[in-house]
Amino acid sequence: MLSAAIRTRTHQFADKHFSGKSIDYRQIIALIIPILIDQAFIIGLNLVNTAMISSSGVAAVSAVNMVDSLNIFLINVFVGVATGGTVVVAQYKGSRNPEMVSKSSSGSVASVFLLALAISLLIIVFHNPALNLLFGSAAPDVFQNARSYLIGSSLSFCGIAVVEAVCGVLRGIGKSRASLMLSLIMNLTYVLLNFLLINLADLGIMGMNIAVNVSRYLAAACAIYYLVKLDASLHIRLRDMVRVNLTMLKKIMSIGMPFAAEQMFFNGGKILTQIFIVSLGTYAIAANAISSSLAMVIQIPANALSIAIVTVVGQCIGSKNIDDARKLTRSFIWLSSSTFIFMGLIVLPLFKPLVSLFHPPAEIVDDIFIIVLMNTLMQIPLWSISFITPSALRAAGDAKYTSVVSMLSMWLFRVVLGYILGIVLPFGVIGVWLAMDIEWGIRGLIFLRRFRGHKWYRHRLVED
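Keep in mind it's a predicted model, so treat the numbers as computed, not measured.

Caption draft 1: Here's a closer look at the overall build of the protein chain. A count of helices and strands for the protein chain gives 17 helices and zero strands. Partitioning the contacts of the protein chain with sequence separation of at least 6, the portion at a separation of at least 24 is 84%. By element, 68% of the accessible surface of the protein chain is carried by carbon and sulfur atoms, the whole surface being about 19,600 Å².

Caption draft 2: Quick look at the layout of surface pockets. Its volume calculated, the largest pocket comes out at about 280 Å³. Lining of the largest pocket is provided by 14 residues; of these, Ser 22, Ile 23, Gln 27, Lys 93 and Gln 315 occupy positions nearest its centre. Looking at the lining of the largest pocket, the elements with two or more residues in it are helix H2 (25-54), helix H3 (58-94) and helix H12 (300-318). Across the lining of the largest pocket, the residue classes break down as three nonpolar, eight polar and three charged.

Caption draft 3: Up close: a nonpolar patch on the surface. A surface patch of nonpolar side chains, about 660 Å² in accessible area, is lined by Leu 280, Val 416, Tyr 419, Ile 420, Ile 423, Val 424, Leu 425 and Phe 427. Following the sequence through the fold, Val 416 ends up in helix H16 (residues 399-424).

Caption draft 4: Broad picture of the packing of helix H13 (residues 322-347) against helix H15 (residues 362-395). The contact between H13 and H15 brings their axes to 9 Å, and the two run at 150°. For the element pair H13 / H15, the angle class is roughly antiparallel. Where H13 crosses over H15, the two elements pack in a sense that is right-handed. Contact residues: H13 offers Thr 329, Phe 332, Ile 333, Ser 336, Ser 337, Phe 340, Ile 341 and Gly 344, while H15 offers Thr 376, Gln 379, Ile 380, Trp 383, Ser 384, Ile 385, Ile 388, Thr 389 and Ala 392. Taken together, the residues of the contact of H13 with H15 break down into nine nonpolar, eight polar and no charged.

Caption draft 5: Broad picture of the pattern of salt bridges. Here the structure, examined in full by the defined rule, presents three salt bridges. Notably, a salt bridge pairs Asp 398 with Arg 450, separated by 2.9 Å at the nearest N-O pair. One end of the pair, Asp 398, is in the loop between H15 and H16; the other, Arg 450, is in helix H17 (residues 428-452), with 52 residues separating them in the sequence. Per residue, the accessibility class of Asp 398 equals that of Arg 450, and both read buried. One salt bridge connects Glu 439 with Arg 414, and the closest N-O pair in it is separated by 3.0 Å. Taken together, the residues span a long stretch of sequence, with Glu 439 in helix H17 and Arg 414 in helix H16 at a distance of 25 residues. Just as Glu 439 is buried, Arg 414 falls in that class too.

Caption draft 6: Geometry of the environment of Trp 456. With respect to the helices and strands, the residue Trp 456 is situated in the segment after H17. Exposure remark for Trp 456: the relative accessible area of 0% places this residue in the buried category. Here the alpha-carbon distance between Trp 456 and Gly 397, two residues 59 residues apart in the chain, equals 7.3 Å. In this structure Trp 456 touches Ala 325, Arg 326, Ala 392, Leu 393, Ala 396, Asp 398, Arg 450 and Phe 451, once residues within four positions along its chain are discounted. Engagement of the side chain of Trp 456 in a polar contact is seen with the backbone oxygen of Phe 451, the distance being 3.1 Å. Among the polar contacts listed, one links the side chain of Trp 456 to the backbone oxygen of Gly 453, at a separation of 3.2 Å.

The rules behind these values
- Residues numbered from 1 in each chain as written.
- Predicted model: local features only at pLDDT ≥ 70, side-chain atom pairs only at ≥ 80, totals over all residues.
- Heavy atoms only, no water.
- Helix = DSSP H or I, 4+ residues; strand = E, 2+ residues; numbered from the N terminus.
- Contact = heavy atoms within 4.5 Å.
- Areas by Shrake-Rupley, 256 points an atom, 1.4 Å probe, with all protein chains shown as cover.
- 1 Å grid on protein atoms, 1.4 Å probe; cavity = no way out; pocket = protein on both sides within 12 Å on 5 of 7 lines; lining within 4 Å.
- Points joined across faces, edges and corners; volume = space filled by probe spheres on them.
- Nonpolar A, V, L, I, M, F, W, Y, C, P; charged D, E, K, R; others polar.
- Patch = residues over 30% accessible without salt bridge, like charges linked within 9 Å, V, L, I, M, F, W, Y side chains within 5 Å.
- Salt bridge = Lys/Arg side-chain N within 4 Å of Asp/Glu carboxyl O.
- Axes fitted to C-alpha atoms, helices over the stretch in contact; angles between N-to-C directions.
- Parallel < 35°, antiparallel > 145°, perpendicular 65-115°, else oblique.
- Left-handed = near helix turned anticlockwise from the far one by under 90°.
- Buried < 20%, exposed > 50% of the residue type's maximum accessible area, 1.4 Å probe, protein only.
- Polar contact = N/O pair within 3.5 Å; in protein donor to acceptor, adjacent residues only side chain to side chain.

Nothing here speaks to function; it is all geometry.
Here it is, written out as structure tokens:
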């Protein structure tokens, strides 16, 4: 009797807060769970990979962290365009237009691939000037490892671009389980090869380069095969993905390019704060790298929700249900904030065994704990309004506004304040993290104000 009563109340709560005319809570749960598993595997495997490369020494883990900040900057440019594809696909799905769902899907893959190819070639040609400009003050051994890793990871950009584009398309139509399988193929292959090539073959950075390229291109091949041969609903042919439909490209870019520009400026600011940290020395770089890895663990459920809200709101807007979009966005914000409490209660008591995976010097363990504790507490009220809200606005087509706000808040608050707190004042890497948390709050309040208005949902992306 008691269990039946609990099930009834749970059903009533979920139906009240996570169902609408466009979508119900069962569909949302089916969408979120594969994304949640995907995020858990991605972050967990990245944690393992960072721990494995740390066995090659502080110079290696510092180099990987430095270059990954640049890699994230570059990859997020074409991930931004892939997000534009997700929004357009989701809105066509919501408007029940299967022909345009197919066209927008193939257009998204073609656009993202071409952009990734251009970025890859650019970085390979200009890798040395880029590293000198950004990280020229790094120790010689760190710099040499960074050069090798940057070239190797740049070669893999086209592979991960195809995977991100296809996964974005699949999430747009609600097939997050298929996108999960593609992500698992890529990430499990990556960590397995890393274990073999770094820990057993002792190839260090070169082993990581081989692993990242093999895993990403294998997953890209599987992604294309799935779209062309296995998915019966999209009706995509291989030749559809090598054609560029200018009308569709314009729709995708109208969402994708502002988001890509936002990611460039946003992650450019993160790279600048990374430069601040590089100037503080190798120990500061290592403390930042380990703290970032642990912070990402705590963000796993919230990141899954920020990805899922794009599909949910996109389909609501496509079917012209604004009330659903508002209600579900509010529910996602509260749910996301709740997950930080849950994850903090798991991660903080396990801090010592988790941090020991990275073999950190004893001198930086206290700093890592302060950063993780401070960031965990600040994320509860601030992260969701800063990330869930703009994802919902962007899914409605309000990409320019969210991009401009994110770029300005990053440079006016996180970068400037990070320099003041981390370099001018004696707070070091802890000050840089504090500046980031403060910037989340400012940006989140601006997005909430926009969300309470009407302009964000009045953009027109899809035809009736």
